[in-house]
Amino acid sequence: MKTTELKKGFQDGKYEELLRDIYIDESVLDYQKERYIKAIESFEELFGEKEVEIYSAPGRSEIGGNHTDHQLGRVLAASINLDAIAIVAKKENGVVLKSEGYPMINVSLADLLPKKEEEGTSEGLIRGVAAKLKEEGYEIGGFEAYVTSDVLNGAGMSSSAAFEVLTGNILSGLYNEGKVSPVLIAQAGQYAENVFFGKPCGLMDQMACSVGGMIHIDFKNPEEPVVEKVPSDFEAYQYSLCIVDTKASHADLTDDYAQIPADMKKVAKFFKKNFLREVPEEEFYNQISAMRGLLGDRPVLRAIHFMEEETRVQKEVDSLKAGDFKGFLELVKESGNSSFKYLQNVYTTNDLNQQAVSVALAGSERILGKHGVCRVHGGGFAGTIQAFVENDFVEEYKRRMDKVFGHGSCQVLKVRQKGGVKVLG
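Rules of the game
- Residues numbered from 1 in each chain as written.
- Predicted model: local features only at pLDDT ≥ 70, side-chain atom pairs only at ≥ 80, totals over all residues.
- Heavy atoms only, no water.
- Patch = residues over 30% accessible without salt bridge, like charges linked within 9 Å, V, L, I, M, F, W, Y side chains within 5 Å.
- Areas by Shrake-Rupley, 256 points an atom, 1.4 Å probe, with all protein chains shown as cover.
- Salt bridge = Lys/Arg side-chain N within 4 Å of Asp/Glu carboxyl O.
- Lys, Arg positive; Asp, Glu negative; His and termini not counted.
- Charge placed at Lys NZ, Arg CZ, Asp CG, Glu CD.
- Helix = DSSP H or I, 4+ residues; strand = E, 2+ residues; numbered from the N terminus.
- Buried < 20%, exposed > 50% of the residue type's maximum accessible area, 1.4 Å probe, protein only.
- Pairing = 2+ DSSP bridges.

A. Quick look at a negative patch on the surface. A contiguous patch of negative charge, built from D30, E34, E41 and E45, is present on the exposed surface. Mapped onto the fold, D30 is located in helix α3 (residues 29–47).

Below, the structure is given as structure tokens:
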């Protein structure tokens, strides 16, 4: 569809139902309409008026299974109604992409090998996703795109995974009639991040962004993860999902993240296994003393978190299926406590004077009382916390958290049922 036609459609309110279907929250529809119009205009300024398609990929909120996916664990996560969108046109050679606030990038798809100079860059992610899809037998090709995102960068909502899923959906839509599965797109994103970007992440972020809704993922077989949709109508229980951005960036924390799977793998190796999922729980607890002597305490504590979190995720799923929301909230609180005490991903030991997430958790517990629960969100060490808050108390919680971390720090979100999608075109 021509950019001019799309822009007029948004201006005339033609796509209001479509936006409501994607973003759920009535209060953000005007914002989204203006956002799409602005994105189309930005594309036109860069590339001219032409035939385009629009793609979207959401951020995610992890509910349970904190740092367990890389050990073939179980995870409970949800897509949220913050996303990255791209206005895209086909082009013959390579990728030309402009993300709002960043320089234009060019990626040749003639060479699909990892490049040292592209580690930690969007170029590496694009090349990596394209390489994986081609390896799996799908067509790839060039495109020009303007991208804008309201998934907070470095705030535990997986802005990089949203970008990877967005890229996968663009290649699926432009060159494969949209036939690449959400699971494979997620796997391509993880491959890009591991091999081309240089970050040893698991698959949870990409899967939650790609599939949509609230999902229970079992990574026992990472090549074919079992994905199960879970009831996620928090409105029925009169609760909202809030994410508080502490404004402490995830930048320069790659080593902290990498050390978590490294510590867990030390424990697995102690039992001559590759992953903690393969270690029998009873045998693990019987060997605590020997592991402490050989490995030290932190790997053991992090493995304890994994063992407990595995059981807890299943209990969370069971509680939601049974409509036991109070029981679910208690498990969320338990999971957060385990992440703080055993996994130890709430602040970096490289800068002990910066503990914004700890401050946010302490403040939230005091403010919320019996009105909700809170926990560290996402990768941890910096970034965001998550809170489930009674609807009647949301404005009070938001006001008081914004007072500490700045206006707009607390965002009230909805669980988005659509994962990575072609919106229009």
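B. Structural detail: the pairing of strand β2 (residues 74–91). For β2, the tally of buried residues reaches 15 of 18 residues, placing the bulk of the element in the interior. Where strand β1 (residues 53–64) meets β2, 10 bridges bridge the pair, whose relative direction is antiparallel. Along β2, the bridge assignment pairs R60 with S79. As defined by bridge partners, β2 adjoins strand β6 (residues 214–218) across five bridges and the pair is classed as antiparallel. Across the sheet, residue R74 finds its bridge partner in β6, namely D218. In this sheet, strand β5 (residues 142–149) lies alongside β2 in antiparallel orientation, the contact comprising eight bridges.

C. How the structure looks around the pattern of salt bridges. Inspection of every chain in the model, using the stated rule, returns 35 salt bridges. For K179, the salt bridge goes to E177, with nearest N and O atoms at 3.0 Å. Note on accessibility: K179 and E177 belong to one class, exposed. Between D263 and K266 there is a salt bridge, with the nearest N and O atoms lying 3.6 Å from each other.

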